[in-house]
Amino acid sequence: MRLVIIGPPGAGKGTQAERLAEQLDVPHISTGDLFRSNLRDRTALGLQAKQYMDAGELVPGDLTVAMVHRRLVEEPGGFILDGFPRTPDQARALESMLAEMGSKLDAVVGFVVPEAVLVQRMLERGRTDDTEEVIRRRLEVYRQETEPLLRFYGDQVISIDAVGTVEEITHRVLDALRSSSRRTTDVR
Ligand code: AMP
């Protein structure tokens, strides 16, 4: 299973990606987590990414794409990508990486959550980049840079109402993936 999860900051992508990865037995790849672990290890990449993360801006695409490429080559096979792609350019880069490896995405899941819920969730999780000002900026960046991705993927996007308990949302995604794979199989 090669799955991408798209959604605004605070939508619960990380939590769900982790649970889904376990259920579907594929690795969970989070670009935010990869940047944070680079930062903890004080690598050059981590130090470069820090200024963007602290400001709620996107880390430049070439750095991000190179990091994802390394990760995908390291462990070819299925994955759940969380936080990547975040722009149509990154989506195109992902398509060519996968084509190079002779594969393609199986599904794109889009999480839908009202903005007031997002802000509340982010304030509650208390990450260092979760101050009110940075949260506002991340939401703006999402609308400008990431929302166009939903148009890029078009009909491929399986929209999920991501308000509810953690368990409910995991079930919704798994059910939706099952029925979409049934539909795809029917068509073939
Ligand atoms: P996240 O954990 O997904 O909320 O990501 C935290 C921060 O890492 C974001 O605010 C960005 O600064 C950076 N980041 C994560 N993924 C990407 C990406 N695909 N492109 C650019 N920056 C990213």
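Residues numbered from 1 in each chain as written. Predicted model: local features only at pLDDT ≥ 70, side-chain atom pairs only at ≥ 80, totals over all residues. Heavy atoms only, no water.

### Side note on the pattern of salt bridges
Inference 1: Per the counting criterion, the structure on display carries 14 salt bridges.
Inference 2: Among the ionic pairs, Arg143 bridges to Glu115, the shortest N-O distance being 2.7 Å. Here Arg143, found in helix H7 (residues 132-146), pairs with Glu115, found in helix H6 (residues 115-125); they are 28 residues apart in sequence, far enough to count as distant.
Inference 3: Judged by its relative accessible area of 38%, Arg143 falls in the partly exposed class. (Salt bridge = Lys/Arg side-chain N within 4 Å of Asp/Glu carboxyl O. Helix = DSSP H or I, 4+ residues; strand = E, 2+ residues; numbered from the N terminus. Buried < 20%, exposed > 50% of the residue type's maximum accessible area, 1.4 Å probe, protein only.)

### Examining the packing of helix H2 (residues 31-40) against helix H4 (residues 61-74)
What describes two packed helices is the angle between their axes and the distance between those same axes.
Inference 1: For the pair H2 and H4, the least separation of the axes is 11 Å and the interaxial angle reads 95 degrees. The angle between H2 and H4 falls in the class roughly perpendicular. Of H4, the residues touching H2 (which contributes Thr31, Leu34, Phe35 and Asn38) are Thr64, Met67, Val68 and Arg71. (Axes fitted to C-alpha atoms, helices over the stretch in contact; angles between N-to-C directions. Parallel < 35°, antiparallel > 145°, perpendicular 65-115°, else oblique. Contact = heavy atoms within 4.5 Å.)

### Things to note about the packing of H2 against helix H3 (residues 44-55)
Inference 1: Running from N to C, H2 and H3 cross one another at 120 degrees; their axes reach a closest spacing of 8 Å. The orientation of H2 relative to H3 falls into the category oblique. At the point where H2 passes H3, the crossing takes the left-handed sense. Residues Gly32, Phe35, Arg36, Asn38 and Leu39 of H2 form the contact with H3, whose participating residues are Leu45, Gly46, Leu47, Ala49, Lys50 and Met53. (Left-handed = near helix turned anticlockwise from the far one by under 90°.)

### Description of the sheet that holds strand S4 (residues 107-112)
Inference 1: The 5 strands are arranged S2-S3-S1-S4-S5 in an open sheet whose pairing can be described as parallel. Edge positions in the sheet fall to strand S2 (28-30) and strand S5 (157-161), since each has one partner strand and no second. Averaged over all neighbouring strand pairs, the angle between strand axes comes to 25 degrees, with direction disregarded.
Inference 2: In this structure, S4 lies alongside S5, joined through 5 bridges in parallel fashion. When the bridges of S5 are listed, Gly110 appears paired with Ser159. (Pairing = 2+ DSSP bridges.)

### A short note on the environment of Arg40
Inference 1: Following the sequence through the fold, Arg40 ends up in helix H2.
Inference 2: The sequence separation of Arg40 and Asp155 amounts to 115 residues, and the corresponding C-alpha distance is 39 Å.

### Here's the deal with the site of the ligand
Inference 1: Taken together, 15 residues form the shell around the ligand, and within it Thr31, Arg36, Glu57, Gly83 and Gln90 come nearest.
Inference 2: Glu57 places a main-chain nitrogen or oxygen 2.6 Å from an oxygen atom of the ligand.
Inference 3: Between the ligand and the protein, one listed contact pairs a nitrogen atom with a backbone N or O atom of Val59 at 3.0 Å.
Inference 4: Among the elements that line the shell around the ligand, the one with the most residues is H2, at 4 residues.
Inference 5: In terms of residue class, the shell around the ligand is made up of 5 nonpolar, 5 polar and 5 charged. (Near = heavy atom within 4 Å. Polar contact = N/O pair within 3.5 Å; in protein donor to acceptor, adjacent residues only side chain to side chain. Nonpolar A, V, L, I, M, F, W, Y, C, P; charged D, E, K, R; others polar.)

### Describing the pairing of strand S3 (residues 79-82)
Regular strands show a simple pattern: their side chains alternate between the two faces of the sheet.
Inference 1: Residues Phe79 and Leu81 point to one face of S3 and Ile80 and Asp82 to the other, with burial holding for every one of them.
Inference 2: Sheet topology note: the strand S1 (residues 2-6)/S3 ladder contains 4 bridges and is parallel. Bridge pairing in S3 links Leu3 to Ile80.
Inference 3: Strand direction decides the pairing type here: S2 and S3, joined by 3 bridges, are parallel. Bridge pairing in S3 places Ser30 opposite Asp82.

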